[in-house]
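# Residue-level structural notes
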Amino acid sequence: MPVSVEGYGLVYNKEIFKDAGIDASTLTSYDAIDKAFADLQNQIDSGKLKDKYPQLEAVEEYAAKETWIPGLHTLNAPLACEYSSATELRNSDQLGLKYADSLKALLDLETKYTTSKDDLSKLNAVDYSSEIGGGLAIERVAVVQQGNWIGPELSGIDEEVANKMGILPIPLKGVKEDCIPTGISIYWCINSQSGDKEKEASKEFLKWLFQSDEGKQIVVNDFGFVPAFNNYDDVEITDTLSKEVKRYIDEGKTLPWVMGGFPSGYEPKAAADFQGYFSGEYTFDQMVDQLKADFVELKK
C-alpha cells in the first residue's frame, strides 16, 4: 500500500528570488533558470543582498557525497524522458542514456553556481546535513535539488524559512524542461507470516489511517504527505513543499521515477561514477561509459 507521493526538483527560497527581483513564475525552461541563477549569483557576489541575507554565499548547494542524490535522483531525470516506467528500465539489458547531453547541461546548471564551482571535487564532501541544515535552512544557499521530504527538517530548524520554499522544475534541456519527477518511494506491507488476527487488525488500521476523516487529516496535516489516493479532495494540503508537488501533479507536469528499475547495487556505483567526474578522474563521456558499463555488469 503506497505511503505517499513524493516529488523532487530544484527547491528554492521564494523570498530570496523575490528580493533579487526575479519572477520565479517565469522559470519554466532551462535557459530561463540558468539566466536567473546567473543573475542571482551576481547579486550575491556584489553584496547587494548582504544586509537581508548575511549568510547567503551561493545560489546552490549539491550534496554529491549522498549516493542517492547523484546516483538516483539526478540520473533518473534524463532516464525518465527515455523510459516510461521502472519496469521498462528493469527489463532493459543496457542503459540507454540517449539524453546524455541534457544530463551534462543539468549537472552544469546544478554545480556552476555553488561555492565549489572552481573545484567540483569539493562537492564530494557535501552531505545532506550541510546542504539542508547548514545550507538551505540558514539561507546560506537559495537552491538545492531535493523533494518535499525535506519539509519537516526545515520546519524543525526554522519554520519561517520552511514556509518560503517553492519548487522549480528539473529542466532537461531540449527534452522536457518544465516537469518534476514524482513517484512512490515506500509502501506499507503486512507480514504474510503473521497470524490472521494480526493481519486483519493491520488492514483495519491502515484503512482507518488512510480512509477515515480523522486519518486523512493525520496523513496530510501531521505527516505532511501528498496522498496517493484520489478521494482526498476535501482535505487541504498545508505543507509548503507538498503543495508544490501536488501543483505539478495537477498540471500534468511530472516525470516518472524509473530509478526503481536499476539493478541491485547500482546506486553506489552510479554515485561513484558521478563523484569520479566531479573529482576529475573521468571526463563526462567517460562517466557516461562507466554508468553504462556498471549497469550491464550488474544485470548479468
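Fair warning: this is a prediction, and the values are worked out from it, not measured in the lab.

This brings us to the overall build of the protein. Each helix and strand in the protein was counted, giving 13 helices and 6 strands. Its C-alpha radius of gyration of 20 Å places the protein within 12% of the 19 Å reference for a compact globule of 300 residues. Counting only C-alpha atoms and orienting by the principal axes, one finds that the protein spans roughly 65 × 50 × 30 Å. Total accessible area computed for the protein in this model is approximately 13,700 Å², and 47% of it derives from carbon and sulfur atoms. For the protein, the distance from the average site of its 30 positive side-chain charges to the average site of its 51 negative ones is 2 Å.

All right, on to helix H12 (residues 266-279) then. A rise of 1.5 Å per residue sets the reference length of H12, with its 14 residues, at 20 Å; its end C-alpha atoms lie 20 Å apart and thus fit the reference within 8%. All buried positions along H12 are accounted for by Tyr-266, Ala-270, Ala-271, Asp-273, Phe-274, Gly-276, Tyr-277 and Phe-278.

Burial of strand E3 (residues 141-147) is extensive: 7 of the 7 residues sit out of reach of the surface. Relative to E3, strand E1 (residues 6-13) is paired through 5 bridges, and the arrangement is antiparallel. Residue Tyr-12 lies in a different strand from E3, and its bridge partner there is Val-143. In the sheet, strand E2 (residues 58-61) pairs with E3 via 3 bridges, with the strands oriented parallel. Considered in E3, the bridge of Glu-61 is made with Val-144.

What the rule picks out here adds up to 13 salt bridges. The salt bridge partner of Arg-140 is Glu-57, with a shortest N-O separation of 2.7 Å. With a gap of 83 residues between them, Arg-140 in the loop between helix H6 (128-136) and E3 and Glu-57 in the loop between helix H2 (30-46) and E2 connect regions that are remote in the sequence. Overall, Arg-140 belongs to the buried group, its relative accessible area being 14%. Look at Glu-57 and you get partly exposed, because its relative accessible area is 38%.

Among soluble globular proteins, nonpolar side chains are generally buried collectively. In terms of nonpolar packing, the biggest core is built from 63 residues, with Phe-37, Leu-40, Leu-75 and Phe-262 touching the most fellow members. At the level of elements, E1, helix H1 (14-19), H2, helix H3 (68-79), helix H5 (100-111), E3, H12 and helix H13 (284-299) are the ones that each hand at least two residues to this core. Non-local contacts of Leu-40, meaning those with residues more than four positions away in its chain, are made with Ile-16, Phe-17, Ala-20, Ile-22, Leu-49, Val-59 and Ala-142.

Under the criterion given, the structure shown has 16 aromatic pairs. Note on Phe-37 and Tyr-113: the rings are 6.0 Å apart at their centroids and 90° apart in plane angle, and the pair reads as edge-to-face. With a gap of 76 residues between them, Phe-37 in helix H2 and Tyr-113 in the loop between H5 and H6 connect regions that are remote in the sequence. On the accessibility criterion, Phe-37 (0% relative accessible area) is buried. Its relative accessible area of 9% is what places Tyr-113 among the buried residues.

Conventions adopted
Residues numbered from 1 in each chain as written. Predicted model: local features only at pLDDT ≥ 70, side-chain atom pairs only at ≥ 80, totals over all residues. Heavy atoms only, no water. Helix = DSSP H or I, 4+ residues; strand = E, 2+ residues; numbered from the N terminus. Rg over C-alpha atoms; globule rule 2.2 N^0.38 Å. Areas by Shrake-Rupley, 256 points an atom, 1.4 Å probe, with all protein chains shown as cover. Lys, Arg positive; Asp, Glu negative; His and termini not counted. Charge placed at Lys NZ, Arg CZ, Asp CG, Glu CD. Expected span 1.5 Å × (residues − 1). Buried < 20%, exposed > 50% of the residue type's maximum accessible area, 1.4 Å probe, protein only. Pairing = 2+ DSSP bridges. Salt bridge = Lys/Arg side-chain N within 4 Å of Asp/Glu carboxyl O. Core = buried A, V, L, I, M, F, W, Y, C linked by side-chain atoms within 4.5 Å. Contact = heavy atoms within 4.5 Å. Phe/Tyr/Trp six-rings, centres within 6.5 Å; stacked < 30°, edge-to-face > 60°.

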